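Listed below are the residues making up each chain.
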Amino acid sequence: MSLQPETFKSLVKVAAERVIASAPELTSLDQAIGDGDHGTNMKRGFEAVLGKLDLISAQPLDEALKMIGKTLVMTVGGASGPLYGSFFLAAGEALSHDRHLPEDLADVFGSGVNAVSARGRSQAGEKTMLDVLVPVLETLKTAAGQPDLIARVRTIAAEAVERTAPMQATKGRASFLGARSVGHVDPGARSSCVLVQAVCASLEGKQ
Amino acid sequence: MSETVGIVIVSHSKDIAKGTADMVRQMVGSEVKVAFCGGNPDGGLGTSVSLIIDAINDAWSAKGVAILVDLGGAETNSEMAVEMLEPARRDLVVVCNAPIVEGAVMAATEAAGGSSLAQVRAVAEELSAD
């Protein structure tokens, strides 16, 4: 699964389109336990990414990831902007420091996850996007090089979203609901799953 | 006139940001530089990193800038905005852990007396102390 420029371009396109298509679902999840803007915010951010797709995909991979991150930071308009933005900025930064795909995938992804954790001052288990990103990272580490890696990542991401339902939120707007946040899937976990699965689908199509 | 710490007000709502700035002005007039912003990049409820960066630069003072925010995204976007400033300015901007209206009025009043950034922040953050 070496990443050719055309593969990267179509991967970003698929991911952005899937996030945009999932906006109504993300909004509805966020209306249940938050302020209801996650779908429109993510849609605005990824529409901006699509608008710059030619420019982004013309960059070396590290710069391209940083450009995606900066675009999300500047356009999303909610906490998810800096959170997703920091993921891509840190992943791009890791690639600028002598890391290469696919062999360093877990390392690069881990840099992104650490940046999200630092930006949100949050850990897995608090009903956030980290509850998808951390299990995905673990799978990237434990199943590295396995032929079924992509399938396993796909499955773990979907399962991880569902596991946020019984959690009580302690971070973000959902924490204001206290125990009433229990029983709802976290919208940030869902958007992380949409992104991860879009990347998986795109890579599976290109293999 | 010696320079005073600048105040930036960041709310999800432009109306709240402006109203808070009006209350600050009533207290300190033009002795303290005050800038505010509210709304996402499309103008709806939310916050915008680029508007926050503009507000910090508008309220800029050699003594630094204290930012008062309302809810989560305003804080996260403000922290991001601070990191995106030119390096020489980054260390002179703080995001206060304080209620936005009371914090802004208290911070500005303290700033008007010529206090340091650390003192201005401490006065605002006393409001959040248990």
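The rules behind the values
Residues numbered from 1 in each chain as written. Chains lettered and ligands numbered in written order. Predicted model: local features only at pLDDT ≥ 70, side-chain atom pairs only at ≥ 80, totals over all residues. Pairing = 2+ DSSP bridges. Helix = DSSP H or I, 4+ residues; strand = E, 2+ residues; numbered from the N terminus. Axes fitted to C-alpha atoms, helices over the stretch in contact; angles between N-to-C directions. Contact = placed C-beta atoms within 7 Å. Core = buried A, V, L, I, M, F, W, Y, C linked by C-beta atoms within 7 Å. Buried ≥ 20, exposed ≤ 12 C-beta atoms within 10 Å, placed from the backbone. Left-handed = near helix turned anticlockwise from the far one by under 90°. pLDDT = per-residue confidence, 0-100. Arc of directions from axis to C-beta.

1. Observations regarding the sheet that holds strand β1 (residues 6-11) of chain B
All names here are of chain B.
Thinking step 1. Taken together, the 4 strands give an open sheet; going across it, the order is β2-β1-β3-β4, and neighbouring strands pair in parallel fashion. Unpaired on one side and paired on the other, β2 (34-38) and β4 (93-96) mark the two borders of the sheet. Averaged over all adjacent pairs, the angle separating strand axes in this sheet is 20°, with direction ignored.
Thinking step 2. Where strand β3 (residues 65-69) lies against β4, 4 bridges are found, and the strand directions are parallel. Its bridge partner lying in β4, Val65 is registered against Val93.
Thinking step 3. With respect to the sheet, helix α1 (residues 14-28) is in contact with β1 and β2, its orientation differing from that of β2 by roughly 165°.

2. A few points about the nonpolar core
Thinking step 1. Within the largest apolar cluster, 104 residues are counted, with the highest numbers of intra-cluster contacts made by Ile7, Val8, Ala66, Ile67, Leu68 and Ala107 of chain B.
Thinking step 2. The contact partners of Leu68 of chain B, leaving out residues within four places of it in the chain, are Ile9, Cys96, Ala98, Ile100, Gly103, Ala104, Ala107 and Ala124 of chain B.

3. Points about the interface of chain A and chain B
How big an interface is tends to be expressed through the accessible area that disappears when the partners come together.
Thinking step 1. Chain A puts 16 residues into the contact, and the matching count from chain B is 14 residues.
Thinking step 2. At the level of elements, α3 (38-51), α5 (61-75) and α6 (80-96) of chain A are the ones that each hand at least two residues to the side of chain A that touches chain B.
Thinking step 3. Looking at which element gives the most residues to the side of chain A that touches chain B, the answer is α6 of chain A, with 4 residues.

4. What about the packing of α6 of chain A against helix α7 (residues 105-120) of chain A?
Residue and element names in this part refer to chain A.
Thinking step 1. Where α6 meets α7, the closest approach of the two axes is 7 Å, and the angle between their N-to-C directions is 140°. Considering how the two elements wind past one another, α6 and α7 form a crossing that is right-handed. Here α6 contributes Pro82, Leu83, Ser86, Phe87, Phe88, Leu89, Ala90, Ala91, Glu93, Ala94 and Leu95 to the contact with α7, which in turn contributes Asp107, Val108, Phe109, Ser111, Gly112, Asn114, Ala115, Val116, Arg119 and Gly120.

5. Description of the confidence of the model for chain B
Thinking step 1. This prediction gives chain B a mean pLDDT of 95; 98% of its residues lie at or above 70.
Thinking step 2. As scored by the predictor, the complex reaches a pTM of 0.93 and an ipTM of 0.88.

6. Observations concerning helix α6 (residues 117-125) of chain B
What sets the pattern is the α-helix's 3.6 residues per turn: residues three or four places apart point alike.
Residues and elements named next belong to chain B.
Thinking step 1. Those residues of α6 that fall on the buried side of the exposure criterion are Leu117, Val120, Arg121, Val123 and Ala124. With its buried residues spanning 160° around the axis, α6 presents them on a single face.
Thinking step 2. The inward-facing, buried residues of α6 abut β3, β4 and α5 (100-112).

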